[in-house]
Amino acid sequence: MVKVAHLIPLFPFLAFAVNIFFGRRLREASALISIIACGISAVLSLVVFQGLQAGEGSYSLGTWLFLNGKPLNFGVTVDALSVMMLLVVTVVATLIKIYSVGYMHGDLRYSRYFAYISLFTASMLGLVLADNFVMLYIFWEGVGLCSYLLIAFWFERPAAAKAGLKAFITTRIGDTGLLIGILLLLFSTQTLYFSELKNIAGDDWILTLAAILIFMGAVGKSAQFPLHVWLPDAMEGPTAVSALIHAATMVAAGVYLVARTYALFILHPLCLEIVALIGGISALLAASIATVNNDIKRVLAYSTISQLGLMMLGLGVGGYAAGTFHLMTHAFFKALLFLCAGSVIHSVHTQDIQKMGGLLSKMKVTGATFIIGTLAIAGVPPLSGFWSKDEILTAAWHNGSPVLFWLAVATSFLTAFYMARLIFLVLFGKPRSEMHPSESPKTMTVPLIILAVFAVFAGFIGSPLMHHAFQEFINEGHGGEVVASGFVIGLSIAVSLAGIGLAYLFYVLNNKIVPSGIRAQFAWLHQLLLNKYYIDEIYDAVFVRPCMRFCDFLFKFDAVVVDGLVNGAGAAVRAVSQVLRWVQTGLVQNYLLVQVLGVILFVLTLLGKLCFRF
Amino acid sequence: MFPLLSSLIFFPLVGALLILFLPKKNESLMKWVALAATGAVLVLSILLLTQFNYHNVQMQFVENAVWIPQINAWYFLGVDGLSVALVFLTALLGFIACVASWGIAQRVKEYFVLYLLLMTGMTGTFIALDLFLFYIFWEVVLIPMYFLIGIWGGPRREYAAIKFFLYTLAGSVLMLVAILVTYFTANPHTLNMVELAKVAPAFDFHLQVVLFLAFFVAFAIKVPVFPFHTWLPDAHVEAPTPISVLLAGVLLKMGGYGFFRICFPFFKDAAHYFALPLAVLGVIGIVYGACVAMAQTDFKKMIAYSSVSHMGFVMLGLASLSATGFNGALLEMFNHGVITGGMFLLVGVLYDRAHTRELSQFGGLSANLPVYAFFLTICSLASLGLPGLSGFVGELLSLVGGFGAFPRLTIVATFGLIITAGYFLYMLQRVLLGPLNLNCAKYSDMNGREIFTLVPLVVITVVVGIFPNTVLKFQAAAIQALVSSF
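The shown structure was predicted, so the numbers you read here are calculated from the model rather than taken from an experiment.

(A) The arrangement of the layout of surface pockets in detail. Its volume calculated, the second largest pocket comes out at about 1,300 Å³. Considering the residues around the second largest pocket, the lining is formed by 33 residues, among which A:I169, A:T170, A:I173, A:F543 and A:V544 are closest to the centre. Looking at the lining of the second largest pocket, the elements with two or more residues in it are α6 (158-189) and α23 (535-581) of chain A together with α11 (268-294) and α17 (407-431) of chain B. Residues belonging to the lining of the second largest pocket are distributed by class as follows: 22 nonpolar, 3 polar and 8 charged.

Structure below.
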């Protein structure tokens, strides 16, 4: 029954086609079409999951084109990794589309929204199912396009338009690396199929380079340092979009890519070290920025960068199952957190957490699920985040360098701190501005409750309580049991609680414990974090503006030098003809004179020759 | 047998003659005659596609008759995989641009006569297989183009028209000399291009180099290859919309086609010798064209420079001397014709409303011109090489081909992809997004005629993007045959 897998992206695509062409007539029905299509995909994903359990696998649909004489197929990958992704994407997408019915209610371009988000779902599912690099690249760019369209969805706002542009260009820088990596791989191994990667042997430096370049694509898409700058700005899009694309699914595509091509990365330790290090740096960098940011969505955006960094770190220290496990649990609790934030914004019409406070009593469902999501991401047992984060820490402890392990621990601590800070400022205390909050409609709260259930329980399938069933599944039967370390578990729980506790001291007991003198000494750090390490400013000064100046220079060069030569050639011809024109005086006397002189010259020459001969 | 190719050439000519005899006042009838002529050409070209056997690498639909026996010049026509898609492209854009010419108000008779003459020249260039005939069609294109820019163009039309004319003519003169030398060197003397493709590769290497260079300059100006490109932005900015469509869509392809039909198959040793410099020029074109496009404030000039960038991919694919690269180059030519043709139509739509092309004069058009926004977004995305749309496939194949031969250069070329995305999205941001510019508040969305001209182009862009074999199957066998002879 896995042969239905290629239909999974097809249904959302049809929903897109219907909505884009008939959207204005469909109005509210466009949401229904979109949700039903996604629901069908979710059911089909379950069918494929069953088929996979029964031992069925990948298949091909036909040839797309010939590349260097070899067929490049429309292939469909059906394995544990892709099926896991299918389930996560379809379930989360369906829930978020239901939520969007309430969240986007009354929007001017309601049907357009559902068209785009359906196209995104289709592309994302296509990406997951691709069985070769070119197909993956096609859908990879496809999700990037949808991301662009949805970030700039409220295009009347200049900030949204700019953010869309920034997201597309930044990720395209990564994608260009990916493309070069694909080319390198094609010419060094003669294959672009994922299934053949494990047959590659040896640690040729070209393969190492190819892996690093492919990772560059992942860095762009998963908003890892140094290409992370687009994700916080992407929060200009509707919050439901942030939840689906910029938290749960698309940004995880980078992690998915590394997992999918893992065979390439384990060829050389350098590749894995780079993955782990970039992940670790991104995790800590973003988490530290999140501790001071006051925009509810941006805190979550930095949190996403940080968590994706943890996944990369997990993969980089050899924790294939750990990284993918965290990808799954993160998809649920981060989607939940964003949707909670959306519910809050929908109710109070601001994103500034300094203006919020005390919302728990007015928005009970949102508040309760928000707290659940926070506990999950903070790694409080037995919620899902605890299990998956613990897997990563364990993998880092066993295989990674101490630096990586402590990077992960520090990130865990900061995560617990900034998330606790967020909910203390939003949900607890007294309102800090005049607000009229009320609970969101059922279409929004029901998805919250369902996602909260996932956030609580999804971790158990990878826990010792269920004999690491997830790891067994994702590793396809062989290996999976991780040797748990009491020290790591203890440390993990301790930093989580410490982070929450510190936030409690600061934001509930109102920071009287830290003397103002010490706080003043750290003002520079606060400024540095508030300004996101000035990375945007640095990029602007080092790359963007010089690039624009260079383009302007080339344009002048083109007009003055290149075109100048052309017009100069024309002018030269005219100048020469001006000289020659002087000969054509039009006076018969002159012509006669020249003629006579010519004859004399001719005769003299003739005479001279005659004389010479005799 | 029905002379399909001759009909393709002479239907527009007959139409032009008919229009000459029509009363001067009956302008709408002239338009309908022109539309009928170009429509007939389009139908015939579709017939050509359906009848074309793409497994056959020989010339098809051949028509051959003695023309000037004294110099052994023949009226020799035929198509193969290298030309058939370009013939269709010419017919399609010829028809669409004719529809887009509906708004021409001054000197209607002259316009359509010249327009149809141009069609004859363009189609003839792609199907002539006798060098002399080829040269005549090549030159026939010049004259109507000169007048179409010079009379119906913008404020600096005369400068642009003369520049276009002289620049191209300078190239043609070199080509004429090269044709003569080729003719006299071949033994027995022949102008038959199919024969020459067999004979010319045996020419002395130094002679090949000289002849290659002479043809190269003629074609490079037409493509245009950096640094021979500066006539293009001037010509485009001044030309009326339909003429820009043909200029970018078809005329540039004549240069690329010349490489495929003459330069590379005739002078194979020279092609090997010049592969690296050609690739360098191609890559410079890609990056340089993109950078200069980024600096533009004039919408049309930006698209003109984007053509320079895109044609760089054609050169890179050609220089790779590989089947993949050749396929990419030829496909990129077809795709560029369709996409950029659409882009120029869209620039025209906006210009008709705003009478300006300054990007700063627009903004937020998505709000009240949703249909326009839809088309402009799709064309821009196709142009910046978004996978799923046709532009990507040609670029990918060119890059794969180029990477096989010149890996480092090709890596430089990929930087062009980033800049290309940059200037197209920056343009979209300035035109479609942001708050509505009050100057644009009264613009109406695209009308039926304008939509009609864009729909076929967008459909082709999507179909070729998803199923590239629809075009590739026509050319693959011919290209395999060409490459295997290298």
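Next comes the rest of the account.
(B) Spotlight on the packing of aromatic side chains. Overall, the coordinates contain 66 aromatic pairs over all chains when judged by the stated rule. Residues A:F457 and A:F460 carry aromatic rings whose centres are separated by 6.0 Å and whose planes lie at 35° to one another, so their mutual orientation is tilted. Seen in terms of ring centroids, B:F259 and B:F264 are 6.2 Å apart; in terms of plane orientation they differ by 80°. Their pairing is edge-to-face.

(C) Region of interest: the packing of helix α13 (residues 323-354) of chain B against helix α19 (residues 469-484) of chain B. Residue and element names in this part refer to chain B. For the pair α13 and α19, the least separation of the axes is 9 Å and the interaxial angle reads 140°. By the angle between their axes, α13 is oblique relative to α19. When you trace α13 past α19, the crossing you get is right-handed. Residues A323, F326, N327, L330, L331 and F334 of α13 form the contact with α19, whose own contacting residues are V471, L472, Q475, A476, I479, Q480, L482 and V483. The residue makeup of the contact of α13 with α19, split by class, is 11 nonpolar, 3 polar and no charged.

(D) Highlighting the confidence of the model for chain B. All names here are of chain B. The predicted model of chain B has a mean per-residue pLDDT of 92, with 100% of residues at 70 or higher. No element of chain B has a lower mean pLDDT than helix α14 (residues 365-368), at 88, and none a higher one than helix α3 (residues 84-100), at 95. Quick note on the complex model: pTM equals 0.91, ipTM equals 0.90.

(E) Seen up close, the interface of chain B and chain A. On the chain A side, the residues contacting the 56 residues of chain B number 46 residues. Where chain B abuts chain A, roughly 4,300 Å² becomes buried across the two surfaces, and 76% of that area is made up of carbon and sulfur atoms. When the buried surface of chain B facing chain A is broken down by residue, B:F403, B:I418 and B:L425 rank first, second and third, together holding 13% of it. Where chain B touches chain A, the interface holds 1 salt bridge. With a shortest N-O distance of 2.5 Å, A:D563 and B:K163 are connected by a salt bridge. Here the residues of the side of chain B that touches chain A sort into 38 nonpolar, 15 polar and 3 charged.

(F) The side chain of A:S343, seen in detail. All names here are of chain A. Along the polypeptide, S343 turns up in helix α14 (residues 320-348). We classify S343 as buried; its relative accessible area is 0%. When sequence neighbours within four positions are dropped, the list of residues in contact with S343 reads Y99, M363, T366, E439, S440, M444 and L448.

(G) Looking closely at unusual backbone geometry. The omega torsion of the bond from A:P381 to A:P382 falls at 5°, within 30 degrees of zero and hence cis. In the segment running from B:V223 into B:P224, the intervening peptide bond is cis, with an omega of -10°. With respect to the helices, strands and loops of the structure, B:P224 is situated in the loop between α8 (205-222) and α9 (231-238). Positive phi is not limited to glycine here, since A:Y533 has a value of about 60°. By relative accessible area, which is 24% here, A:Y533 ends up partly exposed.

(H) Representation of the pattern of salt bridges within the structure. By the definition in use, this model includes 18 salt bridges over all chains. Between A:D233 and A:K166 there is a salt bridge, and its shortest N-O distance comes to 2.8 Å. One end of the pair, A:D233, is in helix α8 (residues 230-233); the other, A:K166, is in helix α6, with 67 residues separating them in the sequence. Under the relative-accessibility criterion, A:D233 is labelled buried at 17%. A relative accessible area of 22% means that A:K166 is categorised as partly exposed. For B:R357, the salt bridge is made with B:D298, and the minimal N-O distance between the two is 3.6 Å. A residue pair is termed long-range when its members are at least 10 positions apart, and B:R357 in the loop between α13 and α14 and B:D298 in the loop between α11 and α12 (299-319) qualify at 59 residues. Each of the two residues, B:R357 as well as B:D298, counts as buried. When salt bridges that share partners are traced, they join A:R157, A:K166, A:D233, A:E236, A:R298, A:K532 and A:D536 into one network.

(I) The arrangement of the side chain of A:S123 in detail. Structurally, A:S123 is set in helix α4 (residues 110-129). Not counting residues within four places of it along the chain, the set of residues in contact with A:S123 comprises A:F139, A:G142, A:V143 and A:C146.

(J) Structural detail: the state of the cysteines. For the structure shown, the criterion picks out 0 disulfides over all chains. Distance from the sulfur of A:C551, which forms no disulfide, to the nearest cysteine sulfur (B:C291) is 4.0 Å. Under the relative-accessibility criterion, A:C551 is labelled buried at 1%. Here B:C379 is not cross-linked by a disulfide; its sulfur's nearest cysteine counterpart is in A:C146, at 18 Å. A residue is classified by how much of its surface remains accessible, and B:C379, at 5% relative accessible area, is buried.

(K) Expanded view of the domain arrangement of chain A. All names here are of chain A. When cut into domains, chain A gives domain 1 (155-530), domain 2 (531-583) and domain 3 (587-613). Once you take the C-alpha centre of each, domain 1 and domain 2 turn out to be 46 Å apart. Every contact between the two is made by 13 residues of domain 1 and, on the other side, 7 residues of domain 2. The contact between domain 1 and domain 2 buries some 940 Å² in all, and 55% of this surface belongs to carbon and sulfur atoms. For the domain 1 face of the interface with domain 2, the top three residues by lost area are V229, L528 and L530, together amounting to 39%. Here domain 1 and domain 2 share 10 residue pairs in polar contact (both at pLDDT 80 or more) between them. Those elements that provide at least two residues to the side of domain 1 that touches domain 2 are α12 (269-290) and α22 (523-530). Element by element, the count of residues in the side of domain 1 that touches domain 2 is highest for α22, at 4 residues. Residue composition of the side of domain 1 that touches domain 2, by class: 9 nonpolar, 3 polar and 1 charged.

Reading the values: the criteria
- Residues numbered from 1 in each chain as written.
- Chains lettered and ligands numbered in written order.
- Predicted model: local features only at pLDDT ≥ 70, side-chain atom pairs only at ≥ 80, totals over all residues.
- Heavy atoms only, no water.
- 1 Å grid on protein atoms, 1.4 Å probe; cavity = no way out; pocket = protein on both sides within 12 Å on 5 of 7 lines; lining within 4 Å.
- Points joined across faces, edges and corners; volume = space filled by probe spheres on them.
- Helix = DSSP H or I, 4+ residues; strand = E, 2+ residues; numbered from the N terminus.
- Nonpolar A, V, L, I, M, F, W, Y, C, P; charged D, E, K, R; others polar.
- Phe/Tyr/Trp six-rings, centres within 6.5 Å; stacked < 30°, edge-to-face > 60°.
- Axes fitted to C-alpha atoms, helices over the stretch in contact; angles between N-to-C directions.
- Parallel < 35°, antiparallel > 145°, perpendicular 65-115°, else oblique.
- Left-handed = near helix turned anticlockwise from the far one by under 90°.
- Contact = heavy atoms within 4.5 Å.
- pLDDT = per-residue confidence, 0-100.
- Buried area = accessible area lost by both parts, 1.4 Å probe.
- Salt bridge = Lys/Arg side-chain N within 4 Å of Asp/Glu carboxyl O.
- Buried < 20%, exposed > 50% of the residue type's maximum accessible area, 1.4 Å probe, protein only.
- Disulfide = S-S within 2.5 Å.
- Domains from an automatic or database assignment.
- Polar contact = N/O pair within 3.5 Å; in protein donor to acceptor, adjacent residues only side chain to side chain.

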